[in-house]
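Remarks on the overall topology
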Amino acid sequence: MVLLLLPAIICMLRASSTYASSTSTIHQSHIFHVEPIEVVTSVLSHVHHNHRRRHDGSIMDVDVSSTKLDDDAAVSIVQGILNTHDANNDDGDIDETVLNLKLEMNRITPVGISNMFDLLVGAKESNKNEETQNAAMTTEDDDGGDNLVTDNNNETTSSTTIPSEDIETDNTTNSDNNGENVDIALNKQSSLRIDKLDLSFNDCGGEGANPPSAQLLNSVRRLFENEEYSAIPRIILMENCGIGAAFCRSIGRGILNAYERNRILSEDKTRCLYRPSVLRIGGNPAIGDAGAVAIAAAFRMATSDDNTDGSALIMEELDLSSCNIGDVGAEAIALALACNPSSLKKLDLSNNKITDVGVIALARALLESRERTSGVALEQIILDNNVGIGDDGAAALAKAVSAGVVSSVHIRSCSICAEGAAAFGKAVKEMAKQIGTQQFCSTQVDIDMSGNHFGISKPKKKKGSVYSASFLRDKASSNIKFIGRSLQSRLKGSGFGLGLTTAESDDDEEDFGNIVGEDLSDDEEDVEEIDSDRINVIARCGARSFSGEILDPSCDDATQVNDSMMLQISIGMRQCFLDNGAIDSLAAAILSMRKVGAFMSVDVNMNSDVDDLTRAALRGDNKEEVLLSSCSERYMNEVKRVLDAEERRQAAAEVAAARMF
């Protein structure tokens, strides 16, 4: 029966050689008409076959997502993969194999996750001794035969049998010497290294329909302790898994235990790396502030007084997006970053409930970290879609960027206006002054403000057909209003006043002005009125405010540097409703930064008023240098015109004031 169904499963194996390693993909996702036992058998057969063919190291991607795998099937896949590679490692001539295992959107429960984690850390025996009242994983190996996975939680579950002719089992057992075996575990080299384990969209965190258990929490703690390291993944994804605060507390305990072990081993100049080093647990709203505080407490306590060289790295990336975290959780993380700088490289707090209060605390912590480390305290912080973050939070982050303690700031789709954008412009100007100095050693800076609607270009509204009644009615109304505004303007100088209705918006004037081809700028009074309006527009345009800080004359005093020390600055302003004037201002800012040895590029995609050539020019395309210079010149001329109009307006106001006295 299995042989008849295997062709319907369709395993897609793709191999591409790159230097001394090769990549294989075993793809069996979205299979609903085959029993889990048959999927497991097929996957392990291909894993064993691929590993036997490659003795020069390989990368293996195994995708069994959306395949209705239950606990037994998922655990059997992990166990079969470990047994396969441990057995093949006896040959002695097989290099390390990197495995990426994708098990998302299946039917894995907390029991299955616990058993899986215990397999990865090699803690089956210790698990049995600690928790005889909970489910335990037992493996029976008789004459190199079948592997039987049982659940001792009141009943025996269905077994998954692996064909002995396809999979060789590992007959070795783990020694039970507790602390005396730590050095052996640290030096243990396996032919398998699980680089990525994706368990997302499984109700396995204990806060969903499946209740948590002490077995799950202890297994999570052991995974992060790394005490009996064998095949702990470098990257773990558990997004939308029902993870809560208790799960995070177990993570924190594991991190602290690993730190204590490292502190003891450091006397012999031996140090164990923290695994997992990339943890993505976004989309779990049950984590909340309590879970964030638990993880932050572990980061804060896992440090020593002599940590000044950035050697206290605990994780490369921590993803807590969409976890219902507010200012309390953000402040706890800020305290951890201040006490233990360089413990984290990338922090994702997007889609939460953080406001300016939490962001100011994070920025202040990054600035305080300069007292404990001389380098970058945090490489990247992501705060996208926290609508409570406004100009005050942006200004605080801008200070951290200008100080060189954070290299990348993503603050997309928040509530930043012109003042916040101007703060980042000022930070860019300060960085240009510090290029190559000891105060600022970073060479690449990324600031993404996309999705903040600080532009003045109004979104285009969809109207009816050209011949529809609504379109003709709106157009007639706009034309009548525009005619009234024009007549009133012309007769005002002759002493006649008309009580005609004026246009309700600049869009109405622009639409009809394009039809009749009339320019009202011949009248000096209208010119001054228009220029006054433009000044107000500039004041509320974020892109113009950003560029205005860079184009400040004081920036010209920056020290000239060589191209080899050029600072790379990437600015994101996608979907910010930028108009042509804002684009021209950005072009002028880009050319101004080049004069002081900083190469700045601006991404303005998804702004409807910007054409493709202009987008390429702002991104730094050398083919569009002429266009970039043209935009810059147009902006400088416009600024000069506005300033002249402002001077005339002030002079007229002074004359009028003098006549009154």
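A few points on the structure. Here the residue numbers are simple positions, counted from 1 along each chain's written sequence. Local features in this predicted model are restricted to residues of pLDDT 70 or higher, and side-chain atom pairs are both shown and tallied only at a pLDDT of 80 or more, whereas totals for entire chains, interfaces and linings draw on every residue. Each side-chain value is worked out from all heavy atoms of the structure, with water and hydrogens disregarded.

What about the overall build of the protein?
Assigned secondary structure in the protein consists of 20 helices and 14 strands. Within the protein, the fraction of its 661 residues that count as buried is 51%. Restricting the contact set of the protein to residue pairs at least 6 apart, pairs at least 24 apart contribute 84%. Taken as a whole, the protein presents about 31,200 Å² of accessible surface, with 49% of it coming from carbon and sulfur. Every helix listed is a DSSP run of H or I at least four residues long, and every strand listed is a run of E at least two residues long, numbered separately from the N terminus. The buried label goes to any residue with under 20% of its type's maximum accessible area, the exposed label to any with over 50%, and the partly exposed label to all in between, with areas taken from a 1.4 Å probe on protein chains only. Pairs of residues are marked as contacts when any of their non-hydrogen atoms sit within 4.5 Å. Areas reported here follow the Shrake-Rupley algorithm with a probe of radius 1.4 Å; residue values treat only the protein chains shown as occluding.

Remarks on the pairing of strand β9 (residues 344-348)
Looking down a regular strand, the side chains alternate between one sheet face and the other. Note that strand β8 (residues 315-319) and β9 share 4 bridges and pair parallel. Bridge pairing in β9 links L318 to L347. Assignment of crossover handedness uses the view with strands pointing away from the viewer, where a clockwise path from the first strand over the helix to the second indicates a right-handed crossover. Taking the sense of rotation as the criterion, the β-α-β connection linking β8, helix α10 (residues 327-339) and β9 turns out right-handed. One ladder, built from 3 bridges, connects β9 with strand β10 (residues 378-382); its direction is parallel. Of the residues in β10, the one forming a bridge with D348 is I382. The criterion for strand pairing is that DSSP finds at least two bridges linking the strands in question.

Some thoughts on the side chain of S65
In this fold, S65 is placed in the loop between β3 (58-63) and α3 (71-88). Reaching out from S65, the side chain makes a polar contact with the side chain of D63 at a distance of 2.9 Å. Here a polar contact is taken to be a pair of N or O atoms separated by no more than 3.5 Å, where protein atoms must pair a possible hydrogen donor with a possible acceptor and residues adjacent in sequence count only if both atoms sit in side chains.

Some details on empty space enclosed by the protein
Cavities and pockets were defined on a 1 Å grid built from protein atoms only: a cavity is a group of points that admits a 1.4 Å probe but offers it no way out, a pocket is an open group of points flanked by protein on both sides within 12 Å along at least five of seven lines, and a lining residue is one with an atom within 4 Å of any such point. Grid points are joined across faces, edges and corners, and a volume is the space filled by probe spheres set on the points. On inspection of all chains with the given rule, the structure shows 3 cavities of 30 Å³ or more. Within this model, the largest cavity holds a volume of roughly 70 Å³. Together, I295, A296, F299, L318, I333, A336, L337, L344 and L347 line the largest cavity. Secondary-structure elements contributing two or more residues to the lining of the largest cavity are α9 (288-301), α10 and β9. Residue composition of the lining of the largest cavity, by class: 9 nonpolar, no polar and no charged. Each residue is assigned to one of three groups, with Ala, Val, Leu, Ile, Met, Phe, Trp, Tyr, Cys and Pro labelled nonpolar, Asp, Glu, Lys and Arg labelled charged, and all others, Gly among them, labelled polar.

Things to note about α9
Think of an α-helix as 3.6 residues a turn; residues three or four steps apart then line up on the same face. Each residue after the first adds 1.5 Å to the expected span of a helix. When the terminal C-alpha atoms of α9 are compared, their 21 Å separation across 14 residues agrees well with the 20 Å that a helix rising 1.5 Å per residue should span. Turning to α9, its buried residues number three or more, namely G288, G291, A292, A294, I295, A296, A298 and F299.

Some points on the packing of helix α4 (residues 110-121) against helix α7 (residues 214-225)
For the pair α4 and α7, interaxial distance at closest approach is 9 Å and the crossing angle is 30°. With respect to α7, the axis of α4 lies roughly parallel. Considering the relative orientation of α4 and α7, their crossing is left-handed. Judged by residue contacts, P110, I113, S114, N115, F117, D118 and V121 of α4 engage Q215, L216, S219, V220, R222 and L223 from α7. To get an axis, fit a line to the C-alpha atoms, keeping to the stretch in contact for a helix; angles then go from 0 to 180 degrees between the N-to-C directions. Here roughly perpendicular refers to angles of 65 to 115 degrees, roughly parallel to angles under 35, roughly antiparallel to angles over 145, and oblique to all remaining angles. Crossings are assigned a handedness: left-handed for a near helix turned anticlockwise from the far helix by less than a right angle, right-handed for a clockwise turn.

Side note on the environment of G242
With respect to the helices and strands, G242 occurs in the loop between β6 (235-237) and α8 (245-265). Sequence separation between G242 and N202 is 40 residues, and the spatial gap between their C-alpha atoms is 8.0 Å. Every residue in contact with G242, bar those within four places of it in the chain, is listed here: G205, G206, E207, G208 and N284.

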